[in-house]
Amino acid sequence: MKYALIDYTLHLADTTLILAQRNAEWCGHGPILEQDIAITNITLDLLGQSRNFYQYAASLIGHNASEDSLAYLRKEREFKNLLLVEQPNKDWGQTTLRQFLFSQFHFFLLEQLQKGNDTQLAAIAEKSIKETTYHVRWSSEWVIRLGDGTEESHQRMENAIEELWRYTDEMFTPVEYENESSVDFKELKTKWLNNVKKVFAEATLTIPENEFMQTGGKSGVHTEHLGYILSDLQYLQRTFPGATW
Amino acid sequence: MVNTATIEEAKIRALLETVKDPEIPVLSIIDLGMLREIKIKDDKIEVVFTPTYSGCPATDMISATIKMVLQENGYSNVKITSVLSPAWTTDWMTEEGKKKLKSYGIAPPNPKQQVCHQELFLPDEAVQCPRCDSWNTHRISEFGSTACKALYQCDDCKEPFDYFKCH
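In this text, all values refer to a predicted model and were calculated from it rather than measured experimentally. Per-chain numbering applies: the sequence of each chain, read as written, is numbered from 1 onward. Each chain gets a letter, beginning with A, and each ligand a number, beginning with 1, in the order they are written. Side-chain atom pairs in this predicted model are given and counted only at pLDDT of 80 or more, local residue features only at pLDDT of at least 70, and totals for whole chains, interfaces and linings cover all residues. Side-chain descriptors were evaluated using all non-hydrogen atoms of the structure, hydrogens and water having been removed beforehand.

## So, the interface of chain A and chain B
The criterion, for reference: Whether two residues are in contact is decided by their heavy atoms: any pair within 4.5 Å suffices. When two parts are brought into contact, each loses some accessible area as probed by a 1.4 Å sphere; the total of that loss over both is the buried area. Note on definitions: salt bridges are taken to be side-chain nitrogens of Lys or Arg within 4 Å of carboxyl oxygens of Asp or Glu. Counted as a polar contact is a pair of N or O atoms within 3.5 Å, where, for protein atoms, one must be capable of donating a hydrogen and the other of accepting one, and residues adjacent in sequence contribute only when both atoms are in side chains. Secondary structure elements follow DSSP: runs of H or I no shorter than four residues count as helices, runs of E no shorter than two count as strands, and numbering proceeds from the N terminus. Gly falls in the polar group here, along with every residue not listed as nonpolar (Ala, Val, Leu, Ile, Met, Phe, Trp, Tyr, Cys, Pro) or charged (Asp, Glu, Lys, Arg).
Between chain A and chain B, the contact holds 32 residues from the first and 31 residues from the second. Overall, the association of chain A and chain B removes approximately 2,700 Å² of surface from exposure, summing both partners, and the carbon and sulfur fraction of that is 58%. Scanning the region where chain A abuts chain B turns up two salt bridges. Residue aspartate 60 of chain B pairs with arginine 51 of chain A through a salt bridge whose shortest N-O separation is 3.3 Å. Counting across the interface, chain A meets chain B through nine residue pairs in polar contact (both at pLDDT 80 or more). Top element by residues in the side of chain A that touches chain B is helix 6 (residues 119–147) of chain A. It accounts for 17 residues. Its residues assigned to classes, the side of chain A that touches chain B shows twelve nonpolar, ten polar and ten charged.

Printed below as a string of structure tokens:
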């Protein structure tokens, strides 16, 4: 039971950390200043959430585990983040679509965790859901703006859907450590799909049918991208163990 | 009835009034509504506070400052506890805090029920310009210089300003 909770908490921590790291790549490169600030603000929220999850996981693990050791010193195969969040930024369309697909899911997940049987996860969820509400709105607006925008922006959104859709089902496919969790994956998927359909309709975008769905991230089997992210993220602590400033 | 614990608590509260948010130095943690409780048992003091945004970089500094201020004033046995639930909300900001924000040039948060929902492409929330008091303003960006702010501009005096957004 305790191990499942640790793994599940690490899954939440890794997912929010890796998405934060991906979004942070936009820092200084956003299409306009206000949106550069927006995406990095979202990064900061996600990083804060991941710190809360890591701190909780560290307290469950005990010994000398800390939020830093969990984020900086675990190997690729130990990371349990969703495959979706490690996918490259590519263009603004793919970045905002990735954020949209994730935030819509994250919102309903946090809603459930808030009422779940683990009080600390519930507390973190209660705090995080407020920020996530902003992320949902911001990313939904971008999907509509670009999908229902110019021919070029529409095409790019179609390409992004082509690229990312196959990673969405992983969110609703429980792995071993999720078997005992109180999350209702079926309800989660229904609510998520409902909202995605609504936004896609307004964005004149279509949901792919019968696409092959890729899973694996939650149990440590990642796409080739995660290794590169971690070598950036962990470089300093690997080179100068214990470095502080 | 006054006992020593309440006197001590009042003293500590006064000291905590000097702990400011490093990002918005006119606001103390009490103005922000971050202070939840002061627990005193013999010479042990526990300060319980609620962080504002999950990723706010000021949180670690605030908790270090609390410790430092109390130690400088002779309280050596201090424990800082951060609690996440109930989650902090801008509704906890004091009226005094809102006044200070406004005179600092940041529009204070509107009551919460107005904007915390998921509807898309809503008209901008009506926010009063902290400089000329005009309501003729528009939102430039939902995200501003820190996690807690949005960026607005006044259409009368033309000044851009920060709005401490509802949370």
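## Details of the packing of helix 1 (residues 2–24) of chain A against helix 5 (residues 92–114) of chain A
Residues and elements named next belong to chain A. Our working definition: Throughout, an axis means a line fitted to C-alpha atoms (over the contacting stretch in the case of helices), and angles, computed between N-to-C directions, take values from 0 to 180 degrees. Angular relationships are summarised with four words: roughly parallel below 35 degrees, roughly antiparallel beyond 145, roughly perpendicular across 65 to 115, and oblique for the angles in between. Crossing handedness follows the turn of the near helix against the far one: under a right angle anticlockwise gives a left-handed crossing, and clockwise gives a right-handed one.
Between helix 1 and helix 5, the shortest axis-to-axis distance is 12 Å and the interhelical angle comes to 150°. Of the possible angle classes, the one that applies to helix 1 and helix 5 is roughly antiparallel. Note that helix 1 runs across helix 5; the crossing there is left-handed. The segment helix 1 lies against helix 5, with Tyr8, Leu12, Thr15, Thr16, Leu19, Arg22 and Asn23 engaging Thr95, Arg98, Gln99, Phe102, His106, Leu109 and Leu113. Among the residues forming the contact of helix 1 with helix 5, the class breakdown is six nonpolar, six polar and two charged.

## Thoughts on the layout of surface pockets
Rules: The definitions used throughout rest on a 1 Å grid laid over the protein atoms alone, on which a cavity is an enclosed set of points accommodating a 1.4 Å probe that cannot get out and a pocket is an open set flanked by protein within 12 Å on both sides along at least five of seven lines; lining residues are those having an atom within 4 Å of a point. Grid points are joined across faces, edges and corners, and a volume is the space filled by probe spheres set on the points.
Roughly 1,500 Å³ of volume is contained in the largest pocket. Forming the walls of the largest pocket are 44 residues, and the residues nearest its centre are Leu47, Arg51, Glu67 and Asp68 of chain A together with Asp60 of chain B. By residue number, the principal contributor to the lining of the largest pocket is helix 2 (residues 33–61) of chain A, which donates eleven residues. The residue inventory of the lining of the largest pocket, partitioned by class, reads 21 nonpolar, 18 polar and five charged.

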